[in-house]
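This is what each chain is made of:
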Amino acid sequence: MLTSDFDYHLPEELIASEPLVDRAGSRMMVVHREEGRIEHRQFADLPSYLREGDVLALNDTRVVPARFFSNDGRKELLRLEALTPLRWRCMVKPGKKLRVGDEIEIGEATGKVQEVFENGDRLLEFDRAVDEAKHGHLALPPLYGKGRT
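Residues numbered from 1 in each chain as written. Predicted model: local features only at pLDDT ≥ 70, side-chain atom pairs only at ≥ 80, totals over all residues. Heavy atoms only, no water.

1. Re the pairing of strand β2 (residues 37–42)
Right, so step 1: As paired elements, strand β1 (residues 27–32) and β2 share 6 bridges and run antiparallel to each other. Paired with methionine 28 across the bridge in β2 is arginine 41.
Right, so step 2: Between the antiparallel neighbours β1 and β2 lie 4 residues, among them glycine 36 with a positive phi of about 65 degrees. (Pairing = 2+ DSSP bridges. Helix = DSSP H or I, 4+ residues; strand = E, 2+ residues; numbered from the N terminus.)

Written as structure tokens, this is what we have:
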């Protein structure tokens, strides 16, 4: 299997940027395997598809703003784990610009690379908490053909 097998055109106007006020109106795709047919319904229709003995697993995870850019825009962090509010394990880009002892400024906070792990992740320690609401971005995959990262 190749990652290119997953490339497809998805018009931006079809990408939800905010949830619907009435979540029951969310779209739901129903796959009828026996018939080889797909139908588009609303989430409110879900109970009509459940049968006795079915198991419904719900995912209540939240997407957090884990992507951060330096004030000069030349460095990028993807926070993998907040060990404490000031100590983060991160992936960085470009790695050559963030070696042990190097610093990165995000808003008012300054982070210093404490350690570079074998896999390339970095341990950063900040002098104050990074304002996630102001400087954090969702870690979304790149939009193909748009030149965005």
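2. Focus: the packing of aromatic side chains
Right, so step 1: Going through the model one piece at a time under the given rule, you end up with 2 aromatic pairs.
Right, so step 2: Look at phenylalanine 68 and tryptophan 88: their rings are 5.0 Å apart centre to centre, the planes differ by 40 degrees, and that puts the pair in the tilted class. Remark: tryptophan 88 occurs in strand β5 (residues 87–93) and phenylalanine 68 occurs in strand β3 (residues 67–69); sequence separation between them is 20 residues.
Right, so step 3: Classification of phenylalanine 68 as buried rests on a relative accessible area of 0%.
Right, so step 4: When the ring of tryptophan 88 is compared with that of phenylalanine 126, the centres are 4.7 Å apart and the planes differ by 55 degrees; the resulting orientation is tilted. Here the residue tryptophan 88 occupies a position in strand β5, and phenylalanine 126 occupies one in strand β8 (residues 122–126), the gap between them amounting to 38 residues. (Phe/Tyr/Trp six-rings, centres within 6.5 Å; stacked < 30°, edge-to-face > 60°. Buried < 20%, exposed > 50% of the residue type's maximum accessible area, 1.4 Å probe, protein only.)

3. A look at the sheet that holds strand β7 (residues 109–116)
What links the strands of a sheet is backbone hydrogen bonding, and the strands pair in either a parallel or an antiparallel sense.
Right, so step 1: What the 6 strands build is an open sheet, ordered β3-β4-β5-β8-β7-β6; its pairing is antiparallel. Of all strands in the sheet, those with a lone pairing partner are β3 and β6 (103–106), marking the two edges. Taken over all neighbouring pairs, the strand axes of this sheet differ in orientation by 40 degrees on average, direction set aside.
Right, so step 2: With 6 bridges connecting them, strand β4 (residues 76–82) and β5 associate as antiparallel partners. Its bridge partner lying in β5, leucine 77 is registered against valine 92. (Axes fitted to C-alpha atoms, helices over the stretch in contact; angles between N-to-C directions.)

4. A closer look at the nonpolar core
Right, so step 1: Residues Leu77, Trp88, Ile106, Leu124, Phe126 and Val130 are the most contacted members of the largest nonpolar core, which totals 13 residues.
Right, so step 2: Of all elements in the fold, only β5, β6, β7 and β8 reach the threshold of two or more residues within this core.
Right, so step 3: Per-element tally for this core: the top contributor is β5, with 3 residues.
Right, so step 4: If we skip the residues at most four places from it in the chain, tryptophan 88 touches Phe68, Leu77, Arg79, Glu81, Ala82, Arg122, Leu123, Leu124, Phe126 and Val130. (Core = buried A, V, L, I, M, F, W, Y, C linked by side-chain atoms within 4.5 Å. Contact = heavy atoms within 4.5 Å.)

5. Describing the environment of valine 30
Right, so step 1: Locating valine 30 in the fold gives a position in strand β1.
Right, so step 2: C-alpha of valine 30 to C-alpha of aspartate 102: the two residues are 72 residues apart in sequence and 51 Å apart in space.
Right, so step 3: With residues near it in sequence (within four places) discarded, valine 30 still touches Arg37, Ile38, Glu39, Arg41 and Tyr49.

6. Side note on unusual backbone geometry
Right, so step 1: The amide bond that connects lysine 93 to the next residue, proline 94, takes the cis arrangement and shows omega of -10 degrees.
Right, so step 2: Residue position: proline 94 is located in the loop between β5 and β6.

7. Focus: a nonpolar patch on the surface
Right, so step 1: Among the surface-exposed residues, Tyr8, Leu10, Leu14 and Ile15 lie close enough to one another that they form a single nonpolar patch of about 410 Å² accessible area.
Right, so step 2: By secondary structure assignment, the location of isoleucine 15 is in the segment before β1. (Patch = residues over 30% accessible without salt bridge, like charges linked within 9 Å, V, L, I, M, F, W, Y side chains within 5 Å. Areas by Shrake-Rupley, 256 points an atom, 1.4 Å probe, with all protein chains shown as cover. Salt bridge = Lys/Arg side-chain N within 4 Å of Asp/Glu carboxyl O.)

8. Re the layout of surface pockets
Right, so step 1: Looking at the second largest pocket, its volume works out to about 490 Å³.
Right, so step 2: Every residue lining the second largest pocket is listed: Leu10, Leu14, Ile15, Ala16, Glu18, Pro19, Leu20, Arg23, Gly25, Ser26, Arg27 and Phe43.
Right, so step 3: Looking at side-chain class alone, the lining of the second largest pocket contains 7 nonpolar, 2 polar and 3 charged residues. (1 Å grid on protein atoms, 1.4 Å probe; cavity = no way out; pocket = protein on both sides within 12 Å on 5 of 7 lines; lining within 4 Å. Points joined across faces, edges and corners; volume = space filled by probe spheres on them. Nonpolar A, V, L, I, M, F, W, Y, C, P; charged D, E, K, R; others polar.)

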